[in-house]
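Given next are the chains, with one letter for each unit.
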Amino acid sequence: MACMKLGSKSESFRRQGQTWLCATGLPSDVIVEVGDMSFHLHKFPLLSRSAVLEKLIEDLSAEDGPSCVLELHDMPGGAKAFELVAKFCYGVKIELTSQNVVSLRCAAEHLQMNESYGEGNLIKQTEDFLNDVFGDWADSLKALEACDEVLPHAEEVHIVSRCINSLATKACADPSAFGWPKSGGNNKDDPRGEFMWNGICAGPNPQYFGEDWWYEDVSLLSFPLYKRFIMAVESKGMKQESIAGSVMFYGKRYLPGVCRHPSLKEHLRYANPTSSVTALSEADQRLLLEEIVELIPNEKGVTLTRFLLRLLRIAMLLHASPSCRENLEKRVGRQLDQATLDDLLIPNIGFTVENLYDVDCVQRILDHFMIVDQMEVSSSSPCIIEEEYEDKEEDEGVMDDRFQPLTPVTMVAKLVDGYLAEVATDVNLKLLKFQSLAACIPDYARQLDDGLYRAIDIYLKAHPWLVDSEKEQLCRLMNCQKLSLEACTHAAQNERLPLRVIVQVLFFEQLRLRASVAGWFFVSDNIENSHVPIENLPLFRNNATSQSNRANYQKEDQVVGIDDMRHRVLELEKECSNMKREIEKMEKSKSGGWNILSKLGFKKSQATVTACSVSDTQLQCKIHQCRAFDIC
């Protein structure tokens, strides 16, 4: 820490209660009152150094005689600063530090202690020392913290702006420019804790600095000074990610509830009773929250969505302004694809609300996301993107899992389906709210509707009083053609679903099964055709040995393919039998269900046969064909 000593005389002041006495052997002829402290001093040392004190002493001496009383209640820094001023006037030894130089510089300016009243006066001495302070990060930070006590006076002499400029310059610069080692070096993991340079021990292992090395230091500043610092580093070209990281660190330090699951280190830092962080009142927290929200960078993705959602929760708890909450909702909506389900479950605040979770807030956030997403993809429709994706697969021949069209919308669709499943258990959740939230996601965003089906099933279970028309209206949200085999199996046995929906599930699954079997028939026919030249291979035994070996390898591969095809056909036969039994059970339990099939153009016997997709005779023929290949 920077330090500077002034004066050469030994201590000649002693304190008695609220009084300071100068023990020079001469009776004091002037009393200076600063706050509740009185200083019994002499006129000549004071008026020889200060223009203000000279004028006051002359005016009061003419009125009151040889002894006078000066009142300096507006002294910057109070009694502590004037004590140092008095010692400087008497030539007593004092020590300047980065913590007291600010108040002493302001006091010197207030008393006009310039070079006209002696060479090397207090203004000159403190200015020279401040120039040394601004060269060091820690000293500049301490000086800026000290400015809070004398803020108006420090602004007049431009100490605040010079401290902030010094700190901002160092924060934006490369740490190695100040001789600081960067983070990530091998020396950090040295078990001996020693710093090695060219194989020679050069002393203790130094501290390593990353891009966030200044976050904790500047978080000790009051918010007005911190805000000015952030604006300064932004004007100097600081990356938005670093600014957002510092703002998040500051918010976690002073706003309770933001750091929901802190690490042990953070818990000890914020919960330590000796910490300099003091608890803020509710009004101060609300004001700080609104200021932090305005300070967050507008660039998308630089601020964690989890942090924004937790700020939104606190804003609701503190009853922040509607503009603050709307700002947070829009910021979350822009990057909703980065959110998690746990943070999206925002509880309703108050005792008069009906719903357990704030579904209306999530609805607004989702609306903002869809608006932004529509603007981003306005130049190309989803169909065009899907066509490009299919072309890419055809060109490469293999699907690349990393290439996912409409990734943000797909992730949000999965998130919303999970959210619907969580809030569906709330018996007070209205059907219209559930439908409105689910309908915000376009159909192309869901690759499978299993998540939506699960949410609908949970809602039907928690709301058994819904009539059939409401159930059918709710089930229209999902696409039965986009259910997986497991979901279709569950839906076919789900008594909570309307009968019409069950029939639709069975119908589309039957079409899918028919297409699958037809595809395997096509594959088996190709295998049969490709088998003919293999049978003719013995006619060319006079060919080279390499050709014979190649034919044997081809036949082995062919046999492996036939075995796999036969196994799949047997699986399909088993699925057909299971579906046939399920339909027979439904025929006995729900005799009225066939009326719906008749409306679709099926008779009772036709529906049973169609659901099986293929006859047992056809399947047996295919199995015989497979077995015939084994003989070859």
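Here's what I pulled together on the structure shown here. (Residues numbered from 1 in each chain as written. Predicted model: local features only at pLDDT ≥ 70, side-chain atom pairs only at ≥ 80, totals over all residues. Heavy atoms only, no water.)

1. Structural notes on the pairing of strand 4 (residues 30–34)
The two faces of strand 4 differ: Val30, Val32 and Val34 on one face are buried, but Ile31 and Glu33 on the other face are not. For strand 4 and strand 5 (residues 37–41), the ladder comprises five bridges, and the chain directions are antiparallel. Bridging across to strand 5, Val32 finds its partner in Phe39. Between the antiparallel neighbours strand 4 and strand 5 lie two residues, among them Gly35 with a positive phi of about 65°. (Buried < 20%, exposed > 50% of the residue type's maximum accessible area, 1.4 Å probe, protein only. Helix = DSSP H or I, 4+ residues; strand = E, 2+ residues; numbered from the N terminus. Pairing = 2+ DSSP bridges.)

2. Structural notes on the packing of helix 20 (residues 431–439) against helix 21 (residues 450–462)
Two elements in contact, helix 20 and helix 21, have axes whose closest approach is 12 Å; the angle formed by their N-to-C orientations is 175°. Between helix 20 and helix 21, the angle is such that the two are roughly antiparallel. Contacts from Leu431, Phe434 and Ala438 in helix 20 reach Leu452, Ala455, Ile456 and Tyr459 in helix 21. (Axes fitted to C-alpha atoms, helices over the stretch in contact; angles between N-to-C directions. Parallel < 35°, antiparallel > 145°, perpendicular 65-115°, else oblique. Contact = heavy atoms within 4.5 Å.)

3. Some words on the environment of Gly333
Tracing the backbone through its elements, the reader meets Gly333 in helix 15 (residues 322–334). For Gly333, a relative accessible area of 0% corresponds to the buried category. Spatially, the C-alpha atom of Gly333 lies 4.7 Å from that of Ile365, the residues being 32 residues apart in sequence. When neighbours within four sequence positions are excluded, Gly333 is seen to be in contact with Ile365, His368 and Phe369.

4. Topic: the packing of aromatic side chains
Within this structure, the stated rule accounts for nine aromatic pairs. Seen from their ring centres, Trp214 and Tyr215 are 4.9 Å apart, and the 90° between their planes marks the pair as edge-to-face. Both residues of the pair, Trp214 and Tyr215, count as buried. Pairing Phe434 with Tyr459 gives two aromatic rings, centres 4.7 Å apart and planes at 35°, and the pair type is tilted. Of the two residues, Phe434 is situated in helix 20 and Tyr459 in helix 21; the sequence distance between them amounts to 25 residues. Of the two residues examined, Phe434 and Tyr459, each falls in the buried class. (Phe/Tyr/Trp six-rings, centres within 6.5 Å; stacked < 30°, edge-to-face > 60°.)

5. Section: helix 14 (residues 305–317)
With 13 residues, helix 14 should cover 18 Å at 1.5 Å per step; its first-to-last C-alpha distance of 19 Å lies within 8% of that length. Within helix 14, the full set of buried residues consists of Thr305, Phe307, Leu308, Leu309, Arg310, Leu311, Leu312, Arg313, Ile314, Ala315 and Met316. Of the surrounding elements, those touching the buried residues of helix 14 are helix 11 (240–254), helix 13 (282–295), helix 15, helix 16 (341–344) and helix 17 (359–376). The first or second residue beyond helix 14 is His319, which carries a positive phi of 55°. (Expected span 1.5 Å × (residues − 1).)

6. Describing the side chain of Asp358
Following the sequence through the fold, Asp358 ends up in the loop between helix 16 and helix 17. With residues up to four places along the chain from it excluded, the contact list for Asp358 reads Met316, Ile346, Pro347, Asn348 and Tyr419.

7. Here we look at unusual backbone geometry
Residues other than glycine predominantly adopt negative phi, and peptide bonds predominantly adopt the trans conformation. Unlike most non-glycine residues, Gln112 shows phi in positive territory, near 55°. With respect to the secondary-structure elements, Gln112 resides in the loop between helix 4 (101–110) and helix 5 (122–133). Of note in this structure, His319 is not a glycine but carries a positive phi near 55°. Tracing the backbone through its elements, the reader meets His319 in the loop between helix 14 and helix 15. Residue His319 is classed as exposed on the basis of its relative accessible area of 55%.

8. Description of the sheet that holds strand 2 (residues 13–16)
The strand order across the open sheet formed by five strands is 2-3-5-4-6, and the pairing between neighbours is mixed. At either margin of the open sheet sits one strand with a lone partner, and together these are strand 2 and strand 6 (68–71). Adjacent strand axes in the sheet meet at a mean angle of 20°, parallel and antiparallel pairs treated alike. Here helix 3 (residues 78–90) sits on the sheet in contact with strand 2, strand 3 (19–22), strand 4 and strand 5, set at roughly 10° to strand 5.

9. Considerations on the nonpolar core
In terms of nonpolar packing, the biggest core is built from 152 residues, with Val32, Leu41, Trp214 and Leu336 touching the most fellow members. Tallying contributions element by element places helix 19 (residues 407–423) first for this core, with nine residues. Sequence-distant contacts of Trp214, defined by excluding residues within four places in its chain, comprise Trp137, Ala171, Phe229, Ile230, Met238, Ser242 and Ser246. (Core = buried A, V, L, I, M, F, W, Y, C linked by side-chain atoms within 4.5 Å.)

10. So, the packing of helix 21 against helix 23 (residues 485–492)
Closest axis-to-axis distance for the helix 21/helix 23 pair is 10 Å, and the angle between their directions is 25°. Looking at the two axes, helix 21 sits roughly parallel to helix 23. The two elements helix 21 and helix 23 meet at a crossing, and its hand is left-handed. In this structure, helix 21 uses Asp450, Tyr453 and Asp457 to contact helix 23, whose residues at the interface are Ala487, His490 and Ala491. Looking at the contact of helix 21 with helix 23 residue by residue, the classes come out as three nonpolar, one polar and two charged. (Left-handed = near helix turned anticlockwise from the far one by under 90°. Nonpolar A, V, L, I, M, F, W, Y, C, P; charged D, E, K, R; others polar.)

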